[in-house]
Each structure stands twice: as C-alpha cells, then as structure tokens.
Amino acid sequence: MSKGSVRKLAVPPISMNEEPQEKEKAICGQCSAEFEKRRRNQKFCSDACRKNAHQKRDGKENPRNSLMSPSKRRENELFFDTNRRIAEDIYTRPPCERFDYVAGMIEAARSGHGKLRALLMNKLLLFPDYDMRGLFHRNCPAAYLTTSQIASVFCGLAWKAEQSVVTIYI
Ligand SMILES: [Zn+2]
C-alpha cells in the first residue's frame, strides 16, 4: 500500500503503553455508572454516553439538558445519589420488609419531607432513560426500579392488593 492511500484518522489510535496497568475504575460523567477505564483519560462508560454529554455541552435540544447545567450539577448528583441509596436500601432488604420500608418512605413524603417528595415525583426517575444505567441499583435497569418507580408501583398496588403482591413488584 502506498503512503498516499493511507487515510488519516480523525482521532489517533491509542498506543498500548497508554493503557493503565491495572484497570482503573471511574464514574461515568454522563450516566453515573461505575466503569473500568480502557484509557487513562476516559470520562464516559460508553460511546453513547460520550456523545450524549457532548450534545448537551453543545446546547442541542435535549430534554435532559438541565441535568448538566453547571449550577445544578452538584445538586443533581446528590439527588440521583439519594435515589440510588434508597433503592439499594430497599433491594438489599428481605422482600418481607420492603413493604413497611416503602410505606414509611411514602408516609414521610406525604407528611412534608419536601426533598423526598421531589425525588419520588421526579419525571426522570419515574420515566427513566434506560440507557442511564447509573439511575438503577447495580446499574441494572432490567432487574431493578428507581426509587420513584418503586413508590409509584407501591401506590398503585398497595391500597388494592395484598402485601405479598406488592413485594413481588418491588
Ligand atoms: Zn455512562
């Protein structure tokens, strides 16, 4: 192949010695999922997340724009962190205890716990983008619901059905 026929790549290939020795872990700047770095300066878990993040930075039309506005960023991180912590708290409990736990959480939200209420009513958590795996316990949207979805399922079922039915769904 002559030199002239080699196409120039827009992004130079990563050389082997740039690879970290041990797989370093990081939190995706887009979906908050934990991932193993393949490159030292890797900020996102996947190409999809990298593209989404760049789209937001470029200010393109995107319903999730507010998530990345610099002033709200820290607040949002805490918010979504809370979602994960509560979901983990629920899912690491024996199923027979989940009903009471979720009932208590909803009671707290109803009786004036504003932040919890905001979390349970949050649209991004009620109707999540399943590509944002970081929203879910163990980064696994196939197996787990967000905290807000759990509350929604609970409210839809709890007053009509037996406790055992509710715990099947959460
Ligand atoms: Zn990601």
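(A) Local environment of the coordination of the zinc ion. Coordination of the zinc ion by the protein is provided by Cys28 (SG), Cys31 (SG), Cys45 (SG) and Cys49 (SG), with metal-donor distances spanning 2.3 to 2.4 Å. Its four donor atoms give the zinc ion angles of 107 to 115° at the centre, a pattern that matches the tetrahedral case. In primary sequence terms, the donor set of the zinc ion follows C-x2-C-x13-C-x3-C. Note that Cys28 is positioned in the loop between β1 (25-27) and β2 (34-36) and Cys49 in helix α1 (residues 47-57), a separation of 21 residues in sequence. With respect to burial, Cys28 and Cys49 carry one shared label: buried.

(B) Broad picture of α1. Residues Cys49, Asn52, Ala53 and Lys56 constitute the buried set of α1. Take α1 and look down its axis: the buried residues cluster within an arc of 100°, on one side only.

(C) Fine view of the pattern of salt bridges. According to the stated counting rule, one finds eight salt bridges in the structure shown. For the salt bridge of Lys37 with Glu24, the shortest nitrogen-to-oxygen distance reads 3.8 Å. Residue Lys37 is found in the loop between β2 and α1, and its partner Glu24 is found in the segment before β1; the two are separated by 13 residues along the sequence. Exposure remark for Lys37: the relative accessible area of 12% places this residue in the buried category. The closest approach of N and O atoms between Glu34 and Lys25, which form a salt bridge, is 3.9 Å. The exposure class assigned to Lys25 is exposed, which follows from its relative accessible area of 51%. What you see here is one network of salt bridges that share partners, running through Arg73, Arg74 and Glu77.

(D) Spotlight on the environment of Gly29. Looking at where Gly29 falls in the secondary structure, it is placed in the loop between β1 and β2. Relative accessible area serves as the criterion here: at 26%, Gly29 is assigned to the partly exposed category. Distance in space between the C-alpha atoms of Gly29 and Lys43 is 5.9 Å, their sequence separation being 14 residues.

(E) Fine view of the packing of aromatic side chains. Applying the stated criterion to the full structure yields four aromatic pairs. Note on Tyr91 and Tyr144: the rings are 4.6 Å apart at their centroids and 65° apart in plane angle, and the pair reads as edge-to-face. Taken as a pair, Tyr91 in helix α3 (residues 70-91) and Tyr144 in the loop between α6 (123-126) and α7 (147-157) lie far apart in primary sequence, 53 residues in all. Across the pair, Tyr144 and Tyr91 agree in class, each one buried. Ring geometry for Phe99 and Phe154: centres 5.0 Å apart, planes at 55°, overall tilted. With Phe99 in helix α4 (residues 95-110) and Phe154 in helix α7, the pair connects residues that are 55 residues apart, well separated along the chain. The exposure classification of Phe99 matches that of Phe154, with both residues buried.

(F) Inspection of the layout of surface pockets at higher detail. Space inside the largest pocket adds up to approximately 480 Å³. Every residue lining the largest pocket is counted, 24 residues in all, and those nearest its centre are Cys31, Ser32, Glu77, Phe80 and Asp81. Of all the elements in the fold, those that place two or more residues in the lining of the largest pocket are α2 (65-68) and α3. For the lining of the largest pocket, the element with the most residues is α3, which contributes ten residues. In the lining of the largest pocket, the residues fall into nine nonpolar, six polar and nine charged. Formed jointly, the lining of the largest pocket draws a minimum of three residues from each of two domains, domain 1 (9-57) and domain 2 (69-169).

Calculation criteria
Residues numbered from 1 in each chain as written. Predicted model: local features only at pLDDT ≥ 70, side-chain atom pairs only at ≥ 80, totals over all residues. Heavy atoms only, no water. Donors = N, O, S within 2.8 Å, 3.2 Å for Na, K, Ca; no water. Tetrahedral: all angles 85-135°; square planar, octahedral: opposite > 155°, others 65-115°. Helix = DSSP H or I, 4+ residues; strand = E, 2+ residues; numbered from the N terminus. Buried < 20%, exposed > 50% of the residue type's maximum accessible area, 1.4 Å probe, protein only. Arc of directions from axis to C-beta. Salt bridge = Lys/Arg side-chain N within 4 Å of Asp/Glu carboxyl O. Phe/Tyr/Trp six-rings, centres within 6.5 Å; stacked < 30°, edge-to-face > 60°. 1 Å grid on protein atoms, 1.4 Å probe; cavity = no way out; pocket = protein on both sides within 12 Å on 5 of 7 lines; lining within 4 Å. Points joined across faces, edges and corners; volume = space filled by probe spheres on them. Nonpolar A, V, L, I, M, F, W, Y, C, P; charged D, E, K, R; others polar. Domains from an automatic or database assignment.

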